[in-house]
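If you want the building blocks of each chain, they are given just below.
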Amino acid sequence: MMDQAYDNFKKIFVSESPIAISEDKLQLLYAFMNEMKATNAHVNLTRIVDDRDFIEKHLLDAITCPLKEDADAILDVGSGGGIPGVPLAICHPEKHFTLLDSTGKKMKAVEQIVNAIGLKNVSFLVGRAEDYGKDPKYREQFDAVCARAVAAFNILDELCAPFLKVGGTFYAWKGQQAEAEIAEAGQGPSLLGLGSIRTTQNLILKNTTFHVIIQCDKIGSTPKKYPRNYGRIVKKPLT
Ligand SMILES: C[S@@+](CC[C@H](N)C(=O)[O-])C[C@H]1O[C@@H](n2cnc3c(N)ncnc32)[C@H](O)[C@@H]1O
């Protein structure tokens, strides 16, 4: 049963959203927000708790990602409190989302949230991206890989590229520093099999000026030597 608080949520969401969302999905996004806020009292999942901020900086920031229609298996690397993975899973029930984070406590909390709101298209992995990326069970198995607020692009490319199938797409959420980070990554993406680097800037939200998603496609297999161990990736990012 939805209430006055839901009506307020809906009003803000509809006035801010550049895309139309059905009522059932909107109710799930609302339930996710409330569960996350409640969980936040004992597990630190987000600093954003005001409804308008949550809608703009978490929900809309996540769901405006231009995921390809034919992407079925999607990995969210460094998912933390479940963003962008959970809002995207709500909006794309036909796709499967795997959330990966090295912090088990966060993944456990998000799993409980996902169960509480009844989402069936999400699964969880606890551990380091650079370890899972070497595991044949996960390497080159995903049609899309997403990552928000995890690392600079010249580190993220090595963490994420190994998971992508050739033909898949990598989405890295960035702000106004996107172009500078692409430049800093130099030849790194192409060494990893990534190409066609571009940015999506046309989904700028009313109060979030710098909503930029770097996208690139996997155009060739990632050489076996990548990903290196994390210390090496950070100390000497590919250029
Ligand atoms: C700042 S949080 C961002 C969480 C979420 N993506 C968001 O935008 O709200 C970064 C998360 O990435 C995870 N992380 C960082 N490096 C990682 C790695 N190499 N493998 C797996 N998780 C990692 C951290 O545990 C943390 O939960």
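Each chain has its residues counted from 1, running along the sequence as written. For this predicted model, a pLDDT threshold of at least 70 governs which residues receive local features, and a threshold of 80 or more governs which side-chain atom pairs are given and counted, while totals over whole chains, interfaces and linings are taken from all residues. Derived side-chain values reflect all non-hydrogen atoms in the structure, with water molecules and hydrogen atoms excluded from consideration.

Trainee: Let's hear about the overall build of the protein chain: which residues, and what values?
Mentor: Along the backbone of the protein chain there are 10 helices and 7 strands. All radius of gyration figures rest on C-alpha atoms, and the globule criterion is 2.2 Å times the number of residues raised to 0.38. For the protein chain, the C-alpha radius of gyration of 17 Å lies close to 18 Å, the compact-globule estimate for 239 residues. Overall, the protein chain is about 55 × 35 × 30 Å in size when its C-alpha atoms are taken along their principal axes. Exposure categories follow from relative accessible area, calculated using a 1.4 Å probe and restricted to protein chains: below 20% of the type maximum is buried, above 50% is exposed, and the middle band is partly exposed. Counting across all 239 residues of the protein chain, residues that qualify as buried make up 54%. Considering only intrachain contacts with a sequence separation of at least 6, the fraction spanning at least 24 residues in the protein chain is 70%. Accessible surface for the protein chain amounts to roughly 10800 Å². Of this, 51% is attributable to carbon and sulfur atoms. The positive charge centre, built from 29 side chains, and the negative charge centre, built from 29, are 6 Å apart in the protein chain. In this text, helices come from DSSP runs of H or I with a minimum length of four residues, and strands from runs of E with a minimum of two, each type numbered from the N-terminal end. Contacts were defined at the residue level, with two residues in contact if any of their heavy atoms lie within 4.5 Å. Surface accessibility in these figures is a Shrake-Rupley result with a 1.4 Å probe; residues are shielded only by whichever protein chains are displayed. Charged-residue counts in this description rest on Lys and Arg as positive and Asp and Glu as negative, His and the chain ends being excluded. Charge placement uses NZ in Lys and CZ in Arg. For Asp and Glu, CG and CD serve respectively.

Trainee: Give me the site of the ligand: which residues, what numbers.
Mentor: We call a residue near a molecule or strand when any one of its heavy atoms sits within 4 Å of it. The environment of the ligand is formed by 15 residues, the closest being Gly78, Ile83, Asp101, Ala129 and Arg148. Under this definition, polar contacts are N or O atom pairs within 3.5 Å; protein pairs additionally need one hydrogen-donor-capable and one acceptor-capable atom, and for neighbouring residues in sequence, both atoms have to be side-chain atoms. Within the contact set of the ligand, an oxygen atom lies 3.2 Å away from a side-chain nitrogen or oxygen of Thr103. Between a nitrogen atom of the ligand and a main-chain N or O atom of Ala129, the distance comes to 2.9 Å. Notes on the ligand: free accessible area 600 Å², of which the protein chains cover 80%. The pocket and cavity definitions rest on a 1 Å grid over protein atoms only: a 1.4 Å probe that fits but cannot leave marks a cavity, an open set with protein on both sides within 12 Å along at least five of seven lines marks a pocket, and residues lining either have an atom within 4 Å of a point. Just a note on the criterion: a molecule sits in a pocket or cavity if more than half of its atoms are within 2 Å of the grid points. The site holding the ligand turns out to be the largest pocket.

Trainee: Tell me about helix α3 (residues 51–63), and name the residues and values.
Mentor: The complete set of buried residues in α3 reads Phe54, Ile55, Glu56, His58, Leu59, Leu60, Asp61, Ala62 and Ile63. Among the structural elements, α1 (4–16), α2 (23–39), α4 (85–91), β4 (142–148) and β5 (164–174) are those in contact with the buried residues of α3. Structurally, the start of α3 carries an N-cap: the backbone nitrogen of Arg52 is 3.2 Å from a side-chain oxygen of Asp50.

Trainee: Can you break down the pairing of β4 residue by residue, with the values?
Mentor: Consecutive residues of a regular strand have side chains that alternate between opposite faces of the sheet. In terms of residue burial, β4 counts as a mostly covered element, since 7 of its 7 residues are buried. The pairing criterion is simple: DSSP has to find at least two bridges between the two strands. Bridge count between strand β1 (residues 73–77) and β4: 3 bridges; the pairing is parallel. Bridging from a neighbouring strand, Asp76 pairs with Cys146 of β4. Summarising the sheet, β4 and β5 pair through 6 bridges and their orientation is parallel. Opposite Val145, over in β5, you have Phe170 as the bridge partner.

Trainee: Please set out the side chain of His92 residue by residue, giving values where relevant.
Mentor: Following the sequence through the fold, His92 ends up in the loop between α4 and β2 (96–101). Once residues lying within four places of it in the same chain are set aside, the contact partners of His92 are Leu67, Phe97 and Asn121.

Trainee: Provide a residue-level description of the environment of Ile113, including the pertinent values.
Mentor: If you trace the backbone, Ile113 turns up in helix α5 (residues 104–117). The exposure class of Ile113 is buried, given its relative accessible area of 1%. Taking the C-alpha atoms as reference points, Ile113 and Gln141, 28 residues apart in sequence, are found 26 Å from one another. Setting aside residues no more than four positions away along its own chain, Ile113 makes contact with Phe32, Glu35, Met36, Thr39 and Leu45.

Trainee: With reference to specific residues and values, describe the UniProt feature "binding site: S-adenosyl-L-methionine" (unreviewed entry) in the protein chain.
Mentor: UniProt positions are given in the numbering used here, feature names are shortened, and annotations may be inferred rather than shown by experiment. Per the UniProt record, "binding site: S-adenosyl-L-methionine" (unreviewed entry) is annotated on Gly78, Asp101, Ser102, Thr103, Ala129, Glu130 and Arg148. If you take the residues mentioned a moment ago, the ones lining the largest pocket come down to Gly78, Asp101, Ser102, Thr103, Ala129, Glu130 and Arg148. Topologically, Asp101 is positioned in strand β2. Setting aside residues up to four positions removed in sequence, Asp101 forms contacts with Gly78, Ser79, Gly80, Met107, Leu125, Val126 and Gly127.

Trainee: How would you summarise the sheet that holds β1 if you had to cite specific residues and measurements?
Mentor: Strands sit in the order β3-β2-β1-β4-β5-β7-β6 across an open sheet of 7 strands; the sheet is mixed. Where the open sheet ends on each side, the last strands, each with one partner, are β3 (122–126) and β6 (194–200). Adjacent strand axes in the sheet meet at a mean angle of 20° when their direction is disregarded. Helix axes use the C-alpha atoms of the stretch in contact, all axes being lines fitted to C-alpha atoms, and the angles between their N-to-C directions lie in the range 0 to 180 degrees. Along the sheet, helix α7 (residues 153–160) contacts β1, β4, β5, β6 and β7 (212–218); its crossing angle with β5, the most-contacted strand, is approximately 150°. Packed on one face of the sheet, helix α8 (residues 178–185) meets β5, β6 and β7 and runs near 165° to β6.

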